[in-house]
Amino acid sequence: MDVTGESRQEKKIEEMANVVEKVHAGLSHLSVKGDFRLAIAAALKDFGESSWKDIGKGPRSTREKFFAAICDYAIPRIVKIGFPEGKVDTLRQGLQEMNAKYLQE
């Protein structure tokens, strides 16, 4: 499963990690990015795809569901490394707002 290498995807992973940091500073940026990469790999498996690029070619509804799956996999992992559970809703909202600009494209 290809979840690294593509500059657009790497940019999005970086932005997602920045949202986490904005909501709660102090976690390892690289660990957060790693959690998102693992979540992407799991979501790709669920969707039966081998590349994030393939999801990007799909309809908006599929891309929304895929991003929700990424969040569903990543957020519990990020909580395990120290993100406060009380801020999870704020994090999810921030991630959805960040993703909205990609859905416009």
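Here, the structure is the one placed above.
1. A few points about the overall build of the protein chain
Stage number 1. The helix and strand tally for the protein chain stands at five helices and zero strands.
Stage number 2. Starting at the N terminus and ending at the C terminus, the protein chain contains elements arranged as α-α-α-α-α.
Stage number 3. Rg of the C-alpha trace for the protein chain: 13 Å, near the compact-globule value of 13 Å for 105 residues, within the 12% margin.
Stage number 4. Overall, the C-alpha framework of the protein chain stretches about 35 × 25 × 25 Å when taken along its three principal axes.
Stage number 5. Residues classed as buried in the protein chain amount to 39% of the 105 residues present.
Stage number 6. Accessible area for the protein chain stands at about 5,900 Å²; split by element, carbon and sulfur atoms hold 50% of it.

2. Notes on the packing of helix α1 (residues 7-23) against helix α2 (residues 29-47)
Stage number 1. Two numbers describe how α1 lies on α2: the axes approach to 9 Å, and their chain directions differ by 125 degrees. In terms of orientation, α1 lies oblique with respect to α2. The chirality of how α1 crosses α2 is right-handed. Between α1 and α2, the residues in contact are E10, I13, E14, M16, A17, N18, V20 and E21 and H29, V32, K33, F36, R37 and I40, respectively.
Stage number 2. When its residues are assigned to classes, the contact of α1 with α2 shows seven nonpolar, two polar and five charged.

3. Concerning empty space enclosed by the protein
Stage number 1. Overall, the coordinates contain two cavities of 30 Å³ or more when judged by the stated rule.
Stage number 2. For the second largest cavity, the calculated volume is near 30 Å³.
Stage number 3. If you trace the second largest cavity, you find it lined by A17, V20, E21, L27, H29 and V32.
Stage number 4. Secondary-structure elements contributing two or more residues to the lining of the second largest cavity are α1 and α2.
Stage number 5. Of the residues forming the lining of the second largest cavity, the biggest block, three residues, is contributed by α1.
Stage number 6. Here the lining of the second largest cavity is built from residues that sort into four nonpolar, one polar and one charged.

Here is what the cut-offs are and how they apply
Residues numbered from 1 in each chain as written. Predicted model: local features only at pLDDT ≥ 70, side-chain atom pairs only at ≥ 80, totals over all residues. Heavy atoms only, no water. Helix = DSSP H or I, 4+ residues; strand = E, 2+ residues; numbered from the N terminus. Rg over C-alpha atoms; globule rule 2.2 N^0.38 Å. Buried < 20%, exposed > 50% of the residue type's maximum accessible area, 1.4 Å probe, protein only. Areas by Shrake-Rupley, 256 points an atom, 1.4 Å probe, with all protein chains shown as cover. Axes fitted to C-alpha atoms, helices over the stretch in contact; angles between N-to-C directions. Parallel < 35°, antiparallel > 145°, perpendicular 65-115°, else oblique. Left-handed = near helix turned anticlockwise from the far one by under 90°. Contact = heavy atoms within 4.5 Å. Nonpolar A, V, L, I, M, F, W, Y, C, P; charged D, E, K, R; others polar. 1 Å grid on protein atoms, 1.4 Å probe; cavity = no way out; pocket = protein on both sides within 12 Å on 5 of 7 lines; lining within 4 Å. Points joined across faces, edges and corners; volume = space filled by probe spheres on them.

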